[in-house]
Amino acid sequence: MTSHKTSQTMKPATAAKKLGVYLEATPAEFREGVVSRSELNALQTDPPEWLQELRRNGPHPRPVVASKLGVSISGLARGGVTEPLTTEQIDALKQEDPEWLQQERATQAEVRKEAVRIKEKKKAEQDDQSGKPRS
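Residues numbered from 1 in each chain as written. Predicted model: local features only at pLDDT ≥ 70, side-chain atom pairs only at ≥ 80, totals over all residues. Heavy atoms only, no water.

(A) Spatial organisation of the packing of helix H5 (residues 62–69) against helix H7 (residues 87–96). Running from amino to carboxyl end, H5 crosses H7 at an angle of 35°, the nearest separation of the two axes being 10 Å. When the axes of H5 and H7 are compared, the crossing they make is right-handed. Note on element contacts: H7 touches H5 through Ile 90, Leu 93 and Lys 94, opposite Val 65, Lys 68 and Leu 69. Across the contact of H5 with H7, the residue classes break down as four nonpolar, no polar and two charged. (Axes fitted to C-alpha atoms, helices over the stretch in contact; angles between N-to-C directions. Helix = DSSP H or I, 4+ residues; strand = E, 2+ residues; numbered from the N terminus. Left-handed = near helix turned anticlockwise from the far one by under 90°. Contact = heavy atoms within 4.5 Å. Nonpolar A, V, L, I, M, F, W, Y, C, P; charged D, E, K, R; others polar.)

(B) The side chain of Thr 26, seen in detail. By the element assignment, Thr 26 lies in the loop between helix H1 (12–19) and helix H2 (28–32). The exposure class assigned to Thr 26 is buried, which follows from its relative accessible area of 2%. A distance of 2.6 Å separates a polar side-chain atom of Thr 26 from the backbone oxygen of Leu 23. In this structure Thr 26 touches Val 21, Arg 31, Trp 50 and Leu 54, once residues within four positions along its chain are discounted. (Buried < 20%, exposed > 50% of the residue type's maximum accessible area, 1.4 Å probe, protein only. Polar contact = N/O pair within 3.5 Å; in protein donor to acceptor, adjacent residues only side chain to side chain.)

(C) A look at H1. Burial in H1 covers these residues: Pro 12, Ala 15, Ala 16 and Leu 19. The buried residues of H1 occupy an angular sector of 100° when projected down its axis, which confines them to one face. On its buried side, H1 packs onto strand S1 (9–10), H2, strand S2 (35–36), helix H3 (37–45) and helix H4 (49–57). Two residues or fewer past H1, Gly 20 is found with a positive phi of approximately 75°. (Arc of directions from axis to C-beta.)

(D) Up close: the packing of H1 against H3. Where H1 meets H3, the axes come as close as 11 Å, and the angle between the chain directions of the two elements is 30°. Between H1 and H3, the angle falls in the class roughly parallel. For the pair H1 and H3, the crossing hand works out as right-handed. Touching Ala 15, Lys 18 and Leu 19 of H1 are Arg 37, Leu 40, Leu 43 and Gln 44, all from H3. Considering only residue class, the contact of H1 with H3 consists of four nonpolar, one polar and two charged. (Parallel < 35°, antiparallel > 145°, perpendicular 65-115°, else oblique.)

(E) Highlighting the pattern of salt bridges. Counted under the stated rule, the structure contains seven salt bridges. For Arg 56, the salt bridge goes to Glu 49, with nearest N and O atoms at 3.4 Å. A relative accessible area of 43% means that Arg 56 is categorised as partly exposed. What you see here is one network of salt bridges that share partners, running through Glu 49, Glu 53 and Arg 56. (Salt bridge = Lys/Arg side-chain N within 4 Å of Asp/Glu carboxyl O.)

(F) Representation of the layout of surface pockets. Its boundaries defined by the atoms lining it, the largest pocket holds a volume of some 160 Å³. Taken together, Ala 13, Ala 16, Lys 17, Gly 20, Val 21, Tyr 22, Leu 23, Glu 24, Pro 61, Pro 63 and Val 64 form the lining of the largest pocket. (1 Å grid on protein atoms, 1.4 Å probe; cavity = no way out; pocket = protein on both sides within 12 Å on 5 of 7 lines; lining within 4 Å. Points joined across faces, edges and corners; volume = space filled by probe spheres on them.)

Structure, rendered in structure tokens:
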């Protein structure tokens, strides 16, 4: 019995998410087809002009917008940002620095600090259990 290796494919929405781009802004041939794992790898290693342009100027999907603003996706929603934004719009929002953005950045900073604290506490507990000295 011989096994035939089939190429793993994904929907365009999945590929767009992995590439960090807004699906609706991609070319029609990308949105209407399927993307193989090798095609995705090729897009990541040697992005075509349309992909470079999307990554540079947008519109960007919410996870990218949230990351560029330093807030969570939920924080974007609380701030009333529900649509994809361009790099220009993100930069303008950073310049404007509205109160909701300041508040969400502070919240995100607290969440990160707490995550670090919990991680350090777990590591210390593991070290105590294994008898290793803490460094």
